[in-house]
Structures are given as C-alpha cells and as structure tokens.
Amino acid sequence: MLERRGRGNYGTVYRVESADGSGPFALKLATHPMDPRFDREAELLSRIHHSGVPRLHAHGLWPHPAGPFPFLVMEWVEGQPLYDWGEEQHPTSRQVLRLLAQVARALDATHSVEAVHRDVKGDNVLVRVSDGQAILTDFGAGHFRGAPTLTAPPLPPGTPPYRSPEAVRFQWGYRSHPTAHYAAQPADDVFALGVTAYRLVTGTYPPPPRGTDTHEGDVEPLTPPRLRNPAVCEELDALILHMLADPPEERLGGGSAAAVARSLEEAMRTAGSQADLPLSVPVARPDVKRAGHEPAWVRTGEGAAHAQDAGHVPSRSDTPVIELAPAPSPHDEGRWPGLAVATVVVSLLSAATGWFLRPTHEASPMAQASSPQEARDGGTVAVGDAAVTSPVSILAPVPSFSLPPGLSLPMPDRPFPGQRKPPCNRKGEVELRGGCWYELARVKSPCDEDAYDYKGACYLPSFPVQRPHTSAPATQPNP
C-alpha cells in the first residue's frame, strides 16, 4: 500500500504495488461487504480491451470480520481529470478534438461488447501525463447485456447534468411506476460526451433537457459553444451541437460512438488555423454579475483555462459574484481605493453568508452536490441512493445547505416546507419529529453534509412527487 488517492460512496482507490515490487497498480476496495457492483465492474472491464480503458489485472474478496470486501486491481493511470487539464494546459480546439476522439474510441470499444458506461463526464476522463492520452475511467456505474439490475426504478446511476433528454423524459413519464427501468443506450453515452465537451470549452453546462410537461416557451435554448467562447473553432462547435441533438437518431451517426470518433478525427485533421488558437477566459469586469448574465470572452496571448468555479450553477441562495476589475487608468486613481474597499467588503459578506447559510429550496439537480468532488462535476446519483434521490432531486424541492468543514446536519425540530408528514406509509419511510424520513442503510454518523444526523443514524427527508399539469394517463413501458 503506497497511498490513498480517492474515496467515493462505494469504494476507495489506493496506489499499490505487488509483493515483488512491480507496479504501481490501482486498488479499488469496496466500502461495503459483498457489494455486487464490483462483480459487475470486473466482468465489464474484463470484456473491454482498449488503450483508452484501464486494464483489469485481478479481482477478489478481502477477508474481514465484518464480511468479505470486494476489490479490483487495475492499471494505474497517472493523469489529470479532464476539466483540470483544461484549466491548467490551455488547450486549443484541435487538442480538444483529439482528446474527445480518444474518449469516443474508448466508448466504441465499450459499446462493441454490448455495454454502456452510463457516467461519462469530465471527472471520469483522465489525461495521462506521460503521453496526453485520454483514459475513460470508473466503470462502476456501467452495465452490459444480461447483467443483473441493481438500481431502483426508474433511472440507472449517473450524474444529473449529463442525463440525455430521452432519459429525463422517461423519468418524468414513469416516475411513479413500480417496475419501469430505463435502459441506457450508446446514444446516452454520446450525449454525455457532448455535455462534457460543452462544459470543457465553455465552462458551463448546457441547459437541462425539458420534461414532458414543459411548454416550448419555457425551455432555455441551447447556446452554441462559439457564442459563449468565440475561440472555439467552427468544426468543434458543430460537432458538439450534433452530439447534443435532442432526438437520439439526430446525433452523430444516430448516437454511434464510432461515427463520433471518425467525425472528430476528421475535424482534427482538416480544421483551419482557428483550431490552433488557445481557448479563452471571461473578461475581467468591475461590475456585479447578475443572475443569468453571460460573461464576455477574450482571447489571451498565452491562452488560459476556465475559471476555477466555472461549473458552479447559481442558486437562489447565491450572493452576488464580484469579478476582478481591470487595472485603473490615471483618471481612475481617485475612485480606485473605494472600489477596492467595496470589493473586499462584499467578499467578506459573501464568505459570512456562505458560512452561516440557512436552508433553501432549490429544484436544480446540479445545485445538490453532497461533496466538493460532486460540486465540481454535477454530482453522481449512486446505485444505492437512487431509490431515494432520483424521484426527488428533479421533481421536488430539496433543502440545500452550506456548512463549515467538520460539522454535520442535526435533525430539525419540525418538517421542512413541503416535506411529507404522517402517515409515513411509503416503503422505507419512518416518522421522526412530525415528518417522514428515509434512513440511509449502512451509513452512520458522522453523516455526509446532505444527510441529517439523528441518534447515530443518517436520514434524508421524504418529499411528495410533483404531478404533471395534465390529465393524460402515463404511457406504459414496453414489456
């Protein structure tokens, strides 16, 4: 055991070497005994043989008094997560085309064995330091034909901002159906790759897909990447939009990762000189940025990365964001000290507000991350949590908190506004302090910052499912 390198809800990754000194390898150890996800991930990785996917070296069970813990031993990849790479390496459009093509090739290898990744995003793509190769990682949410279903209906595990329109519409249509499961397809992975590309070159997520009850006028249009960042070349702009097409049959090659890879590789070879310009950063301004205000973009001589918190999605609890002011001219000397003082004061107020933030209700799933890692890339709905969080996170308001490190959330004295109240007759619900709650199995205090601590156990509030504004009956799923 050399070092611990990462920890998630269901596993911890260590850098290790073998007894004879060979390695290093990546050891992924389950958090819970006999976790069935590890068998499925091992089987999936054993089927894929591609340079863009870590090789599986071994898997087994680690004996322990609490029960055997599954583990995987994989190829060690020393690299940067994709968005970190974008921030630090100042890539050009041609370099982005090359990396996206490599990810598409890894997806094609996955799809060719009748499997899907189901959690394609920036944090699951590593750019290897030694040669700049993109490596698609973390197949823990993956699935292959014939594998057992481990997730409660209706959606499989995944990260909300990367969900395809067809998956979101399925969730809305069958949110109350007891057995309906959405079967992810290669086109879902292609759409998620499009979201990843959009986020990489613009620093923002595209607008979420509309549900079945959303009126056309209420849908936020998809802004082409070039309108957010003029440094994006025309070829990359067009390919991203094709990957984000709403009907899956209109995506590149009908949602084929192989067709996406070919198109990206062709654009990399034939794109003009604009593809060799570094991507851009927002213009520094002294004014307060309003909600929904789009930043202007400029091209820098050395190129630059996206803002550190570019993935943050504003919520109603956000304080105004102060952008850095440009250097003062000689005519501004008299008013510059006042502007500097005002900036410091607002910054201190912003920090204090975040420190003592009161509960808010925010319906956007992208604003509901339960850890710093999730906050930077949208958050992942894990297999074991999907039964509780999937119907709630998109369809009902959920309390959102920001707490100082090291503190946990105490059980409130009374229910939240809109929280279900007794009788708590849903499966798994319990009544506590006048409200209905779900206890998180196998999770004990201290709880994560999105769960509530009560007598050493961790709970999530139960909210009613919002009903569509229509009397039309829901379509039954295909048998």
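Conventions we followed
- Residues numbered from 1 in each chain as written.
- Predicted model: local features only at pLDDT ≥ 70, side-chain atom pairs only at ≥ 80, totals over all residues.
- Heavy atoms only, no water.
- Phe/Tyr/Trp six-rings, centres within 6.5 Å; stacked < 30°, edge-to-face > 60°.
- Buried < 20%, exposed > 50% of the residue type's maximum accessible area, 1.4 Å probe, protein only.
- Axes fitted to C-alpha atoms, helices over the stretch in contact; angles between N-to-C directions.
- Helix = DSSP H or I, 4+ residues; strand = E, 2+ residues; numbered from the N terminus.
- Parallel < 35°, antiparallel > 145°, perpendicular 65-115°, else oblique.
- Contact = heavy atoms within 4.5 Å.
- Nonpolar A, V, L, I, M, F, W, Y, C, P; charged D, E, K, R; others polar.
- pLDDT = per-residue confidence, 0-100.
- Left-handed = near helix turned anticlockwise from the far one by under 90°.
- Pairing = 2+ DSSP bridges.
- Disulfide = S-S within 2.5 Å.
- Polar contact = N/O pair within 3.5 Å; in protein donor to acceptor, adjacent residues only side chain to side chain.

(A) Structural detail: the packing of aromatic side chains. Counted under the stated rule, the structure contains five aromatic pairs. Residues tryptophan 62 and phenylalanine 69 carry aromatic rings whose centres are separated by 6.0 Å and whose planes lie at 50° to one another, so their mutual orientation is tilted. The class of phenylalanine 69 is buried, set by a relative accessible area of 11%. Aromatic side chains tyrosine 454 and tyrosine 459 sit 6.3 Å apart centroid to centroid with 70° between the ring planes, which places their arrangement in the edge-to-face category. Each member of the pair tyrosine 454 and tyrosine 459 is classed as buried.

(B) Quick look at the packing of helix H7 (residues 234–243) against helix H8 (residues 257–270). Running from N to C, H7 and H8 point in directions that differ by 170°, and their axes come no closer than 10 Å. What the angle tells us is that H7 and H8 run roughly antiparallel. In this structure, H7 contributes Glu235, Leu239 and Met243 to the contact, and H8 contributes Val260, Ser263, Leu264 and Ala267. Of the residues assigned to the contact of H7 with H8, the class counts are five nonpolar, one polar and one charged.

(C) Region of interest: the confidence of the model for the chain. Taken over all residues, the pLDDT of the chain has a mean of 73, while the share at 70 or more is 66%. No element of the chain has a lower mean pLDDT than helix H11 (residues 386–395), which averages 29, and none a higher one than helix H3 (residues 93–111), which averages 98. The model gives residues 282–375 a pLDDT under 50, and that stretch makes 136 contacts with residues more than four places away or in other chains.

(D) Quick peek at the packing of H3 against helix H5 (residues 186–202). Contact geometry of H3 with H5 gives a least axis separation of 11 Å together with a crossing angle of 160°. The angle between H3 and H5 places the two elements in the roughly antiparallel class. Of the two elements, H3 crosses H5, and the hand of that crossing is right-handed. Along the contact surface, H3 presents Val96, Leu100, Val103, Ala104, Leu107 and His111, while H5 presents Pro186, Asp189, Leu193, Ala197, Leu200 and Val201. Split into classes, the residues belonging to the contact of H3 with H5 amount to ten nonpolar, one polar and one charged.

(E) Broad picture of the environment of histidine 181. Here histidine 181 is to be found in the loop between helix H4 (165–173) and H5. Judged by its relative accessible area of 35%, histidine 181 is partly exposed. For the pair histidine 181 and proline 156, spaced 25 residues apart in sequence, the C-alpha to C-alpha distance is 7.5 Å.

(F) Highlighting H7. Residues of H7 that are buried include every one of Leu236, Asp237, Leu239, Ile240 and Met243, and no others. Buried positions along H7 lie against H3, H5, helix H6 (225–228) and H8.

(G) Looking closely at the sheet that holds strand S5 (residues 69–75). The five strands are arranged S1-S2-S3-S5-S4 in an open sheet whose pairing can be described as antiparallel. Each edge of the open sheet is held by one strand with a lone partner, namely strand S1 (3–7) and strand S4 (56–62). Taking the axes of each pair of neighbouring strands and ignoring which way they run, one obtains an average angle of 20° across the sheet. For S1 and strand S2 (residues 11–16), the ladder comprises four bridges, and the chain directions are antiparallel. Bridge pairing in S2 places arginine 7 opposite threonine 12. Contacting S2, strand S3 (25–30), S4 and S5, helix H1 (residues 36–47) crosses the sheet at an angle of about 25° to S5.

(H) Structural context of the state of the cysteines. Applying the stated criterion across every chain, the model contains one disulfide. With a sulfur-sulfur separation of 2.0 Å, cysteine 424 is cross-linked through a disulfide to cysteine 436. Taking the sign of the S-S torsion, about -90° here, the bridge from cysteine 424 to cysteine 436 comes out left-handed. Of the two residues, cysteine 424 is situated in the loop between strand S17 (409–410) and strand S18 (429–432) and cysteine 436 in strand S19 (residues 435–444); the sequence distance between them amounts to twelve residues. The two residues cysteine 424 and cysteine 436 agree in class, both being buried.

(I) Expanded view of the side chain of threonine 196. Along the chain, the position of threonine 196 falls in helix H5. Here alanine 192 takes part through its backbone oxygen, which lies 2.9 Å from a polar atom of the side chain of threonine 196. Look past the residues within four positions of threonine 196 in its chain and what remains in contact with it is Leu82, Tyr83, Val120, Lys121, Gly122 and Tyr162.

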